[in-house]
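Architecture at a glance
Letter by letter, the chains look like this.
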Amino acid sequence: MKLADNKATLSFSNGTPSIEMPVYSGNIGPDVIDIRKLYAQSGMFTYDPGFLSTASCQSGITFIDGDKGELLYRGYPIEQLANHGDYLDTCYLLLKGDLPSEKESADFHKLVNNHTMVNEQMQFFLRGFRRDAHPMAVLTGLVGALSAFYHDSTDITNPEHREISAIRLIAKLPTLVAMSYKYGVGQPFMYPQNSLSYSGNFLRMMFGVPCEDYVVNPVLERALDRIFILHADHEQNASTSTVRLCGSSGTNPFAAIAAGVACLWGPAHGGANEACLKMLDDIQKMGGISKVGEFMEQVKDKNSGVKLMGFGHRVYKNYDPRAKLMQETCNEVLAELGLENDPLFKLAKQVEKIALEDDYFVSRKLYPNVDFYSGIVQRAIGIPVNLFTGVFALARTVGWIAQLNEMIGDPEYKIGRPRQLFTGSPSRNVPGAK
Ligand code: CMC
């Protein structure tokens, strides 16, 4: 970051002397006011719940321009990455800063493939869960438990440990997500098949069974790869900030990523695609397409507490570029599987149509986000609704690691420790105490 030409001056109406603060510029995007010395100089904190105006770090990984609907990974537009190249090349890019050469790409694919199996003991750990446990509860546990199985790579200050734990996490997440699914449905776990692509392997571990050959459908393989690319990173969102904050204490990478998985679970974040499919199911139960209008009236009624899941975004206020790409994939997958006339998918199209035309949504710039379409694609592929967020976690793992490693390598990094505006009781005595 570089000092901007101007400075910010904070003045007070009560006669306290004004304070000058440096302003820094990034390469693109808004400048930031450096308030680090504000407390020392004024005895005051800033107040910004939800981090609406706060840059918590400097980062060179992902850039979003919410007004333009632009998403760049290491400078490359998401559209180009989604249309050329695969998820593992995107992982390489996010982790290392540049796209791999042909040889680097081949080596990286091989390296990840060499780590797809998980310690055999992990299945016994998994077996401790109820069969009907939510896969995100299972995954939070399994990812955290990796630190117990791979304690040769838990020192976050050691670059080699960071490197190997990154590869392990990227390689093993598909295996763990598929295992949590197989456990829930009572089928045998499928060991990874390293001759397949990353997404092909995941499809086989999910839907293959030991007694039959599994043939990967290339349209579904490509669709899943695209879901992974589009979800690989998204700047300082809630789960990424959680990973950074958790990792800032010096905890091991597996524990920090488990914290990210836990955060992602929430319906306002990664749980949105699951919540969206549940919403479509609910409308279906109310009577289907004929009830969409009635449902939309509930959404528009502020007192109902009903939101249109899969719509709106904190950052993208015009459109979500990932949603456009996912919409293409959605149409391809529905056509490939002959599901265009499936009632649920027709209902989704109707919801999309009404929301894009209705003044409530148009005036608030509420557009379908990536999760609206990724939920539909995953449902069409056969991924159960309660596993959607697990698939998101799998894809986002690389972003979390890249951000965590960037933070650890930043000489300005400190343990994260926000302050507060205290509104509770001032000091008082317990009855009887002096
Ligand atoms: N349905 C109905 N109204 C909405 C919705 C929605 N999905 N989203 C926002 N609004 C309304 C909101 O009530 C407010 O109206 P008003 O100005 O009259 O008070 C206005 O739109 C602005 O909303 P906001 O609350 O200021 O927006 P936000 O930036 O705080 O919230 C959001 C962003 C994503 C939390 C919210 O849009 C939402 O809850 N969407 C549904 C959940 C969802 O799909 N989340 C996935 C986000 S994409 C995945 C990811 O990147 O993590």
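Up top you'll find the structure we're talking about.
Residues numbered from 1 in each chain as written. Predicted model: local features only at pLDDT ≥ 70, side-chain atom pairs only at ≥ 80, totals over all residues. Heavy atoms only, no water.

What about the overall build of the protein chain?
Applicable threshold: Helical segments are the DSSP runs of H or I of at least four residues, strand segments are the runs of E of at least two, and each set is numbered from the N terminus. Computation of the radius of gyration draws on C-alpha atoms, with the globule rule given as 2.2 Å multiplied by the number of residues to the power 0.38. Exposure categories follow from relative accessible area, calculated using a 1.4 Å probe and restricted to protein chains: below 20% of the type maximum is buried, above 50% is exposed, and the middle band is partly exposed. Any two residues whose heavy atoms approach within 4.5 Å at even a single point are treated as in contact. Shrake-Rupley sampling with a 1.4 Å probe provides the accessible areas, and residues are treated as covered by the protein chains on show and by no other component.
Scanning the protein chain from terminus to terminus reveals 18 helices and six strands. A compact globule built from 434 residues would reach a C-alpha radius of gyration of about 22 Å, and the protein chain, at 23 Å, matches this within 12%. Across its three principal directions, the C-alpha atoms of the protein chain cover 80 × 60 × 55 Å. When burial is assessed residue by residue, the protein chain has 46% of its 434 residues classed as buried. Pairs at least 24 apart in sequence give 69% of the contacts found in the protein chain among residues at least 6 apart. When the accessible surface of the protein chain is summed, it comes to about 21500 Å², and 52% of that surface belongs to carbon and sulfur atoms.

Quick notes on a positive patch on the surface
For the record, the criterion: What goes into a patch is any residue over 30% in relative accessible area without a salt bridge, connected to like charges within 9 Å or, for nonpolar side chains (Val, Leu, Ile, Met, Phe, Trp, Tyr), within 5 Å. Only one rule defines a salt bridge in this text: a Lys or Arg side-chain nitrogen within 4 Å of an Asp or Glu carboxyl oxygen. Only four residue types enter the charge count, namely Lys and Arg as positive and Asp and Glu as negative; His and the chain termini do not. Working definition for charges: the position is that of NZ of Lys, CZ of Arg, CG of Asp or CD of Glu.
There is a patch of like positive charges on the surface, built from Lys302, Lys307, Arg314, Lys317 and Arg364. Among the secondary structure elements, Lys307 is positioned in the loop between helix H13 (292–300) and helix H14 (321–336).

What about the site of the ligand?
Put simply, the test is: Neighbouring residues are identified by heavy atoms, a residue being near a molecule or strand if any of them is within 4 Å of it. Definition of a polar contact: a pair of N or O atoms within 3.5 Å, with one able to donate and the other able to accept a hydrogen when the atoms are protein atoms, and with sequence-neighbouring residues admitted only if both atoms are side-chain atoms. Residues are grouped as follows: Ala, Val, Leu, Ile, Met, Phe, Trp, Tyr, Cys and Pro are nonpolar; Asp, Glu, Lys and Arg are charged; all remaining types, including Gly, are polar.
Around the ligand sit 21 residues in total, of which His269, Lys302, Leu308, Gly310 and Asn369 are the nearest. Note that a nitrogen atom of the ligand is positioned 2.9 Å from one of the backbone N or O atoms of Phe311. One of the side-chain N or O atoms of Arg314 is found 2.9 Å from an oxygen atom in the ligand. The protein chains hide 74% of the 950 Å² of surface that the ligand would expose on its own. For the shell around the ligand, the class distribution of residues is eight nonpolar, six polar and seven charged.

Structural notes on the sheet that holds strand S4 (residues 62–65)
The cut-off we apply is this: Strands were regarded as paired on the criterion that DSSP finds at least two bridges between them.
Spatial ordering of the open sheet is given by S4-S5-S6, a layout of three strands whose pairing is antiparallel. Of all strands in the sheet, those bounded by a partner on one side alone are S4 and strand S6 (76–77). Looking at chain direction, S4 and strand S5 (residues 70–73) are connected through four bridges and run antiparallel. For Thr62, the partnering residue across the bridge sits in S5 and is Tyr73.

A short note on the nonpolar core
In plain terms, the rule: Take the buried residues of types Ala, Val, Leu, Ile, Met, Phe, Trp, Tyr and Cys, join any two whose side-chain atoms come within 4.5 Å, and each joined set is a nonpolar core.
By size, the foremost hydrophobic cluster in this structure holds 111 residues, and its most contacted members are Tyr87, Phe202, Phe228 and Leu308. By residue number, the principal contributor to this core is helix H18 (residues 388–409), which donates 13 residues.

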